[in-house]
Amino acid sequence: MKNRSSENTIKIIKTITEMKEVIKKYKKMNLSIALVPTMGYLHKGHLSLIEKAKENNDVVVVSIFVNPTQFGENEDYGVYPRNLERDSCLSEEAGADYVFKPSVEEIYPKGYNTYVKVEKITDKLCGASRPGHFRGVTTIVNKLFNIIEPNRAYFGLKDAQQVLVIMKMVEDLNLSTEIIPCPIIREKDGLAMSSRNVNLTKNERQIALVLSKSLFEAKDKVKAGERDLDKIVSNIKANIHNEPEITIDYVEAVNMLNLERIKLLEGKVLIAIAVKIAKVRLIDNIILEGN
Ligand code: AMP
């Protein structure tokens, strides 16, 4: 990481007014703007989105906002890791031009009362166990799109349901931003990178490997000809049940468009997992393709 005091070119913007002024300037110059929305505590997964954004756009804005409206009452909003100094350095190294880091009051001032809700696909998977979560996500993403007016916005398939929900919102509300889905970045041992991984103990982190291992095993089974998705899901569940520290939220094989459960592999299917290890909620997934 660069020494921030010796070289500091990235600009951190904290107010909506200033962010809009900066954007106006670039729009006048006809430059393309990319947005990478994050909750901060950046890792290589986030950085891959920033790098891709930089490749294809003139100006890259990384937003860092731990969005309270997407957390349930008993969730980890309070202990979600935060470190602006570190995130700014990493964003700059990956090629970002601006960090937009508004306060909660800036985004949701007293009396705030407007929310955006995509229906149906938000009732499934994470939406079923985190009621209100996607309403918080679509509200903040919509607000960020209005403030930053990005030509393109970059999202990771680590949160595959989130990508689908945002694409649906863009389609249904005729928004002009192009959504660019990006692949999951993993640690060398397979663990999907996540800001929440720092809240795992060494032992819990080791236990968490069962998620990616089970997904890769599923991929191998499909390669070997398996098409019965119930069998694949049962196998993943059995692997996870071998780890008594893990509680399963869901393991499902679903259609990539509507998230309806499917039993037989044809075309593309999303195998998605959500679990809790101690107090840490982890998700992972893989997209499999039959022929
Ligand atoms: P978050 O800060 O967790 O809200 O994530 C911000 C963005 O980074 C979302 O679009 C995530 O899907 C994406 N992201 C998080 N982890 C990964 C990962 N391991 N690989 C790729 N993208 C990721």
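Provided above is the structure to which this section pertains.
Rules used in this analysis
Residues numbered from 1 in each chain as written. Predicted model: local features only at pLDDT ≥ 70, side-chain atom pairs only at ≥ 80, totals over all residues. Heavy atoms only, no water. Pairing = 2+ DSSP bridges. Helix = DSSP H or I, 4+ residues; strand = E, 2+ residues; numbered from the N terminus. Axes fitted to C-alpha atoms, helices over the stretch in contact; angles between N-to-C directions. Contact = heavy atoms within 4.5 Å. Buried < 20%, exposed > 50% of the residue type's maximum accessible area, 1.4 Å probe, protein only. Near = heavy atom within 4 Å. Polar contact = N/O pair within 3.5 Å; in protein donor to acceptor, adjacent residues only side chain to side chain. Expected span 1.5 Å × (residues − 1).

Overview of the sheet that holds strand S7 (residues 246–255)
If you walk across this open sheet you meet the three strands as S7-S8-S9, and the pairing is antiparallel. Strand pairing shows two members of the sheet lacking a second neighbour, S7 and strand S9 (280–289), which therefore form its edges. In this sheet, adjacent strand axes meet at a mean angle of 15 degrees when their direction is disregarded. Pairing geometry for S7 and strand S8 (residues 268–277), over nine bridges, is antiparallel. Paired with isoleucine 246 across the two strands is isoleucine 277, which belongs to S8. Contacts between helix H9 (residues 229–241) and the sheet are confined to S7 and S8, with S7 contributing the most and set at about 165 degrees to the helix.

Overview of helix H3 (residues 84–94)
Spacing of three or four residues puts side chains on the same side of an α-helix, whose turn is 3.6 residues. Of all the positions in H3, only Asp87, Ser88, Cys89, Leu90, Ser91, Glu92 and Ala94 are classed as buried. On its buried side, H3 packs onto strand S1 (11–13), helix H2 (44–56), strand S3 (59–64) and strand S4 (98–100). Following H3 by one or two positions, glycine 95 adopts a phi angle in the positive range, close to 115 degrees.

Looking at the site of the ligand
In the region of the ligand, 17 residues are neighbours, and His46, Gly156, Asp159, Ile185 and Met193 sit closest. In the environment of the ligand, an oxygen atom lies 2.6 Å from a nitrogen or oxygen atom belonging to the side chain of aspartate 159. The backbone of methionine 193 places a nitrogen or oxygen atom 2.9 Å from a nitrogen atom of the ligand. Only strand S2 (33–38), H2 and strand S5 (152–156) provide two or more residues apiece to the shell around the ligand. Looking at the shell around the ligand element by element, the count peaks at three residues for H2.

So, the side chain of serine 194
Tracing the sequence through the fold places serine 194 in the loop between strand S6 (178–182) and helix H8 (202–223). For serine 194, a relative accessible area of 15% gives the class buried. Among the polar contacts listed, one links the side chain of serine 194 to the backbone nitrogen of arginine 196, at a separation of 3.1 Å. With residues up to four places along the chain from it excluded, the contact list for serine 194 reads His43 and Lys158.

A few points about helix H7 (residues 160–172)
A rise of 1.5 Å per residue sets the reference length of H7, with its 13 residues, at 18 Å; its end C-alpha atoms lie 18 Å apart and thus fit the reference within 8%. Within H7, the full set of buried residues consists of Ala160, Gln161, Gln162, Val163, Leu164, Val165, Ile166, Met169 and Val170. Of the surrounding secondary structure, the elements contacted by the buried residues of H7 are helix H5 (126–129), helix H6 (133–148), S5, S6, S8 and S9. Just past H7, the residue asparagine 174 takes up positive phi, approximately 55 degrees.

Quick word on the sheet that holds S3
If you walk across this open sheet you meet the six strands as S1-S4-S3-S2-S5-S6, and the pairing is parallel. Two strands close off the open sheet at either side, each with one partner strand: S1 and S6. Direction aside, neighbouring strands of the sheet carry axes that sit 25 degrees apart on average. Sheet topology note: the S2/S5 ladder contains two bridges and is parallel. Opposite leucine 35, over in S5, you have alanine 153 as the bridge partner.

A few points about the environment of leucine 47
By the element assignment, leucine 47 lies in helix H2. Taking the C-alpha atoms as reference points, leucine 47 and leucine 90, separated by 43 residues in sequence, lie 7.5 Å from one another. When sequence neighbours within four positions are dropped, the list of residues in contact with leucine 47 reads Leu42, Leu90 and Ala94.

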